[in-house]
Amino acid sequence: MCLVPVPSRLFSGGDHSIGYPTVRGVCRHLGDKKVGIIHFDRHVDTQETDLDERMHTCPWFHATNIRNAPAKNLVQLGIGGWQVPRQGVKVCRERATNILTVTDITEMGINAAVEFALEHAMDGTDCVYISFDIDCIDAGFVPGTGWPEPGGLLPREALAMLGKIIQRAPVCGLEIVEVSPPLRHQ
Ligand SMILES: [Mn+2]
């Protein structure tokens with residue numbers, strides 16, 4: 001485990017609307033330090049608004065406007081679900097963020113995916129904020145979530161990547177979101 005440059009925090013959701021305020025809160029304590037964001041999800045969540053509101057599909061549009069959280073250090077792992085709006089993808093392209101789809105990760109392997117994530121999230125930053133949306137995992141394993149998606153990561157793949165990243169990166173915060181037990185039907 002790396003030494004952390006700032007106190008590390010654990011947040012749990014609830015929906016992903018906590019992503020922006022939690023990164024903003026962490027950044028207030030970073031001074032001049034910078035944070036890279038590693039985001040596990042089937043969805044990019046980079047559109048400015050959704051249904052005319054800032055909500056759980058929009059955290060990274062706003063978080064990467066924070067001075068300490070450059071967009072070039074946003075890495076998104078497991079993207080490729082049905083709910084990936086064109087507006088969000090457009091923002092990713094404009095801001096030159098980094099995306100690996102489930103297919104990318106499957107083809108390159110989880111070790112190479114972890115290297116990619118660390119290389120880009122740590123490029124010029126001091127620490128890493130990890131956002132783990134449980135819908136990055138295949139819907140067959142996580143029915144208790146708001147937007148279950150087929151074709152996601154296997155639990156062992158997601159947990160292995162998460163573990164390898166935590167071992168090697170100075171983590172300033174970790175959030176686990178989109179957990180909704182009432183939606184479990186099994
Ligand atoms: Mn999601």
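This structure is a prediction, so every number in the text was calculated from the model and none was measured. (Residues numbered from 1 in each chain as written. Predicted model: local features only at pLDDT ≥ 70, side-chain atom pairs only at ≥ 80, totals over all residues. Heavy atoms only, no water.)

Looking now at the side chain of N68. For N68, the position within the fold is in the loop between α2 (59–63) and β3 (74–79). Side-chain polar atoms of N68 contact the backbone oxygen of K33, separated by 3.0 Å. Those residues within four positions of N68 in sequence are excluded, and the remaining contacts are C27, L30, G31, K33, K34 and V35. (Helix = DSSP H or I, 4+ residues; strand = E, 2+ residues; numbered from the N terminus. Polar contact = N/O pair within 3.5 Å; in protein donor to acceptor, adjacent residues only side chain to side chain. Contact = heavy atoms within 4.5 Å.)

Let us now look at unusual backbone geometry. Negative phi values dominate among residues other than glycine, just as trans dominates among peptide bonds. G14 follows G13 through a cis peptide bond whose omega is 10°. Positionally, G14 belongs in the loop between β1 (9–12) and α1 (19–27). Of note, D52 is a non-glycine position whose phi angle comes to about 65°, a positive value. Checked against the element boundaries, D52 lands in the loop between β2 (35–40) and α2. With phi around 55°, A96 is a residue other than glycine that occupies positive phi space. Locating A96 in the fold gives a position in the loop between α3 (86–95) and β4 (98–101). The exposure class of A96 is partly exposed, given its relative accessible area of 49%. (Buried < 20%, exposed > 50% of the residue type's maximum accessible area, 1.4 Å probe, protein only.)

Here we take up the pattern of salt bridges. Counting across every chain of the model gives 3 salt bridges. Here E115 and R168 are joined by a salt bridge, their closest N and O atoms 2.5 Å apart. A residue pair is termed long-range when its members are at least 10 positions apart, and E115 in helix α5 (residues 110–121) and R168 in helix α6 (residues 155–168) qualify at 53 residues. Overall, the relative accessible area of 39% leaves E115 in the partly exposed class. (Salt bridge = Lys/Arg side-chain N within 4 Å of Asp/Glu carboxyl O.)

On to the nonpolar core, then. Residues I38, F40, L77, I130, F132 and I165 are the most contacted members of the largest nonpolar core, which totals 27 residues. Residue assignment for this core shows that the elements contributing at least two residues are β2, β3, α4 (102–108), α5, β5 (127–133), α6 and β6 (171–177). Looking at this core, the element that brings in the most residues is α5, giving 5 residues. If we ignore the near neighbours within four places in the chain, the residues touching I38 are V75, L77, A117, A121, V128, Y129, I130, S131 and I165. Grouped together as the second largest cluster of nonpolar side chains are 14 residues, L30, I66, L74 and C172 included. (Core = buried A, V, L, I, M, F, W, Y, C linked by side-chain atoms within 4.5 Å.)

Moving on to a nonpolar patch on the surface. On the surface, L10, I176 and V179 cluster together into a nonpolar patch covering about 250 Å² of accessible area. With respect to the helices and strands, V179 occurs in the segment after β6. Residue class for V179 comes out partly exposed when judged on its relative accessible area of 34%. (Patch = residues over 30% accessible without salt bridge, like charges linked within 9 Å, V, L, I, M, F, W, Y side chains within 5 Å. Areas by Shrake-Rupley, 256 points an atom, 1.4 Å probe, with all protein chains shown as cover.)

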